[in-house]
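# Residue-level structural notes
Next come the chains, spelled out residue by residue.
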Amino acid sequence: PPPETTSSTTIQSLLYVLFSIDSNTLQMALQWTVYSIFLCLFHLGEYFSTCIYNPSVTNSDSFMINQSKAYTAAALISWVEFAIRIIFFPQNNSFLLFHVGILLVTLGQTCRTLAMVTCGESFNHYIQRDKKDNHELVTKGIYSILRHPSYFGFY
């Protein structure tokens, strides 16, 4: 066939696919995309906050990707739950809950990052059994409001 026919057929097919997607499917795709972006931002934020405010302990573990079996299990279970929801309950979407979720994740990440910044060299991703020489008890900033802002913000 002539090139014009092929390209117009491709464009027609693409437009058909785009306009035949219902609003529930689009909302689910948006939710998964936003989740993926926030997950990437969390791991990048952990790494860069550690690089900037506690460079002496920065290593590949600072990305917090392979942090524990429990974290991996929780992530996998959430992905399976999302897949089940897409397949069996695509109509059960709440635009309000989606926005509340974005607000809560943003609040949590802000608290966690502020905790890391406020602690500086005293922050560590691992539970410390012995006091380091440069460790100090932090009671200023976000620690004056929340006792464990890092845990509070960890989603």
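Scope of this entry: the structure provided in the associated data block. (Residues numbered from 1 in each chain as written. Predicted model: local features only at pLDDT ≥ 70, side-chain atom pairs only at ≥ 80, totals over all residues. Heavy atoms only, no water.)

### A few points about the pattern of salt bridges
Selection rule: Salt bridge, as used here, is a side-chain nitrogen of Lys or Arg placed within 4 Å of a carboxyl oxygen of Asp or Glu. In this text, helices come from DSSP runs of H or I with a minimum length of four residues, and strands from runs of E with a minimum of two, each type numbered from the N-terminal end. Under the scheme applied here, a residue whose accessible area is under 20% of the maximum for its type counts as buried, over 50% as exposed, and between as partly exposed, the area being computed with a 1.4 Å probe on protein chains only.
A full pass over the atoms with the stated rule returns one salt bridge. For E46, the salt bridge identified is with R112, shortest N-O distance 2.7 Å. With a gap of 66 residues between them, E46 in helix α2 (residues 23-53) and R112 in helix α4 (residues 95-119) connect regions that are remote in the sequence. R112 matches E46 in its accessibility class, with the two residues each being buried.

### Thoughts on α4
Worth spelling out the cut-off: Expected helix span is given by 1.5 Å per residue-to-residue step, counting one fewer step than there are residues. The contact rule is simple, with two residues in contact once any of their heavy atoms fall within 4.5 Å.
Taking 1.5 Å per residue as the helical rise, α4 with its 25 residues ought to reach 36 Å, and the 36 Å between its terminal C-alpha atoms agrees with that figure. Listing the buried residues of α4 in full gives F98, G108, Q109, C111, R112, A115, M116, T118 and C119. Packed against the buried residues of α4 are α2 and α5 (149-152). At the exit of α4 stands G120, carrying a positive phi of roughly 60°.

### Regarding the layout of surface pockets
As a reminder, the rule being used: Whether a set of points on the 1 Å grid over the protein atoms alone is a cavity depends on a 1.4 Å probe fitting there but being unable to get out, while an open set qualifies as a pocket with protein on both sides within 12 Å along at least five of seven lines; lining residues are those with an atom within 4 Å of a point. Grid points are joined across faces, edges and corners, and a volume is the space filled by probe spheres set on the points.
As a volume, the largest pocket reaches approximately 1,100 Å³. The wall of the largest pocket is formed by 37 residues, among which F123, N124, H125, Y126 and Y151 lie closest to the centre. Mapped onto the lining of the largest pocket, the elements with two or more residues apiece are α4 and α5. With three residues, the single largest contributor to the lining of the largest pocket is α5.

### Description of the environment of T139
On the secondary structure map, T139 appears in the loop between α4 and α5. Classification of T139 as exposed rests on a relative accessible area of 55%. Put simply, T139 and M28 are 111 residues apart on the chain and 42 Å apart in space, counted from C-alpha to C-alpha.

### Things to note about α2
Taking 1.5 Å per residue, 31 residues should reach 45 Å; α2 reaches 43 Å between its end C-alpha atoms and fits that length. Every buried residue of α2 is listed here: Q27, M28, Q31, V34, L39, F42, H43, E46, S49 and T50. Those residues of α2 that are buried lie in contact with α3 (69-88) and α4.

### Some words on the nonpolar core
Put simply, the rule is: Here, nonpolar core refers to any group of buried Ala, Val, Leu, Ile, Met, Phe, Trp, Tyr and Cys residues whose side-chain atoms link them within 4.5 Å.
Core analysis: the biggest nonpolar cluster contains eight residues, these being C111, A115, M116, C119, F123, V138, I142 and Y143. Setting aside residues up to four positions removed in sequence, I142 forms contacts with C111, L114, A115, T118 and P149.

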